[in-house]
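# Fold and geometry: a report
Spelled out from the first residue to the last, the chains are:
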Amino acid sequence: MPHPNDPSLRSFIEVDPASDFPIQNLPYGVFSTSANPTPRVGVAIGNYVFDLWALEQDCRLDVGPLGVFSAPSLNPFMALGPKVWTKTRARISELLRHDHPELRDNEELRKQALVPMRDAKLHLPFAVSGYTDFYSSKEHATNVGVMFRGKDNALQPNWLHMPIAYNGRASTVVVSGTKVKRPRGQLKPPNVEVPSFGPCKRLDFELEMGVVVGQPSAMGGMLTEQQAEEMIFGFVLLNDWSARDIQQWEYVPLGPFLAKAFATSISPWVVTREALEPFRLKGPEQEPVPLDYLKQAKPQNYDLELDVSLRAAGANAPAGISRTNFKYMYWSSVQQLMHHASSGCAMNVGDLLGSGTISGPEKNQRGSLLEISWNGTEPVELPGGIKRSFLEDGDSLVMRGWCQGNGYRVGFGEVEGTILAAE
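Residues numbered from 1 in each chain as written. Predicted model: local features only at pLDDT ≥ 70, side-chain atom pairs only at ≥ 80, totals over all residues. Heavy atoms only, no water.

Looking at an unreviewed UniProt entry, one finds the protein named fumarylacetoacetase, with Bradyrhizobium barranii as its source organism. For the protein, the Pathway (unreviewed entry) comment in UniProt is given as "Amino-acid degradation; L-phenylalanine degradation; acetoacetate and fumarate from L-phenylalanine: step 6/6." (UniProt positions renumbered as here; feature names shortened; annotations may be inferred.)

Right under this line is the structure:
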């Protein structure tokens, strides 16, 4: 049977070459329809959602206990492990192939199992057990360090030795399209003596990728590179909204807290690690050489294009403000997971690891408004004479990501969020 990543594969469903969801992708999500409002698991193929619960009921998919795909999250399926993930993806690919008649020639089952994307409501794809946000782009960390500490002290001494992170809030991870209220908090600009409480004035986005952990690890243990890699189910686009002025006052001495706790948006489709395999490459050279527990024998970065556009409140159309690539990350997702577990911290099915803001070496590759506007000193110029240093009420931000293959792309769709005024 052809491998699901085979570039020559075609589906009997017509898929535009520019679509994020060809047969080589098959990302997982959770959806419902007005006709059947119960959330269940599906796979994206072209402009359709492939209803895996319909196939499971029809005995076309056998992953174990009946009802895995009737769940309102991917967690029960992820818990079955990598061997089941691989087997299931191969079976789904087989059912959708242009030269396989089982579904292609079964009109009744096709009507049940193929839901037009326009009729589907997409939900948070997995139940987030815990959320950790890393800080692993050398370019981003350097830009921020230069802004606040100067060129000679841009990177903290520990940054080149381990992936730095903080524990975020799983409770406010939301799916694309969820509106985000401007957060409130303590504010203390440098020119005032005492803090005040009120709406954030320097609201920002952070362009990130999210790792979806599909297997647990034991408390007290450590992970090898191979174990960490096999625990990764897939990836999502992630926008870790950031209140820069709240953070500036609160982060000393323990780091981000409320400035990052109010919302984190993710894309509704989880692109599997297996689908990204053809796009794997070696990351930046790491100097000094990491300690033994963080060393990698395999390339663990991905050639994954990322794009950010901003539609200012009242504007008719969005404008691109950043274009970068996941390949620039200094610390890989596998290293982040190995480090996370190295103290004996147990990992759970459904844990989410944010990559940290992804910035590249060029100015147009910066992954946050803090960097793009250089802390407000160089406002972004948008069509119609509109300028932005930070996000204003009514602004809508969209992130997209994809890996470009030969005649096809493996994409993530988008993650969108619109800012509402604070109450």
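### Topic: the side chain of His140
Looking at the element boundaries, His140 is found in helix H6 (residues 138-149). In this view, His140 contacts Tyr135, Thr357, Ser359, Ser368 and Glu371; residues no more than four positions away in its chain are not counted. (Helix = DSSP H or I, 4+ residues; strand = E, 2+ residues; numbered from the N terminus. Contact = heavy atoms within 4.5 Å.)

### A closer look at H6
Residues separated by three or four positions in an α-helix point in the same direction, a consequence of the helix having 3.6 residues per turn. Taking 1.5 Å of rise per residue, the 12 residues of H6 would be expected to cover 16 Å, and the 15 Å separating its terminal C-alpha atoms lies within 8% of that figure. Summarising the contacts, the buried residues of H6 are in contact with helix H11 (369-372). Immediately beyond the C-terminal end of H6, within one or two residues, lies Gly150, with a positive phi of roughly 95 degrees. (Expected span 1.5 Å × (residues − 1).)

### A closer look at the pattern of salt bridges
Pairing of side chains with opposite charge becomes possible as their charged atoms draw close. Overall, the coordinates contain 25 salt bridges when judged by the stated rule. Arg244 is paired through a salt bridge with Glu206; the nearest N and O atoms lie 3.1 Å apart. Residue Arg244 is located in helix H8 (residues 244-250), and its partner Glu206 is located in the loop between strand S12 (203-204) and strand S13 (207-213); the two are separated by 38 residues in the primary sequence. For the residue pair Arg244 and Glu206, the accessibility class agrees, reading buried in each case. With a shortest N-O distance of 3.1 Å, Glu229 and Lys298 are connected by a salt bridge. Note that Glu229 is positioned in helix H7 (residues 225-231) and Lys298 in the loop between strand S18 (280-281) and strand S19 (301-302), a separation of 69 residues in sequence. Here Glu229 falls in the buried class, since its relative accessible area comes to 6%. Taken together, the shared-partner salt bridges connect Asp58, Arg60, Arg91, Glu94 and Glu102 into one network. (Salt bridge = Lys/Arg side-chain N within 4 Å of Asp/Glu carboxyl O. Buried < 20%, exposed > 50% of the residue type's maximum accessible area, 1.4 Å probe, protein only.)

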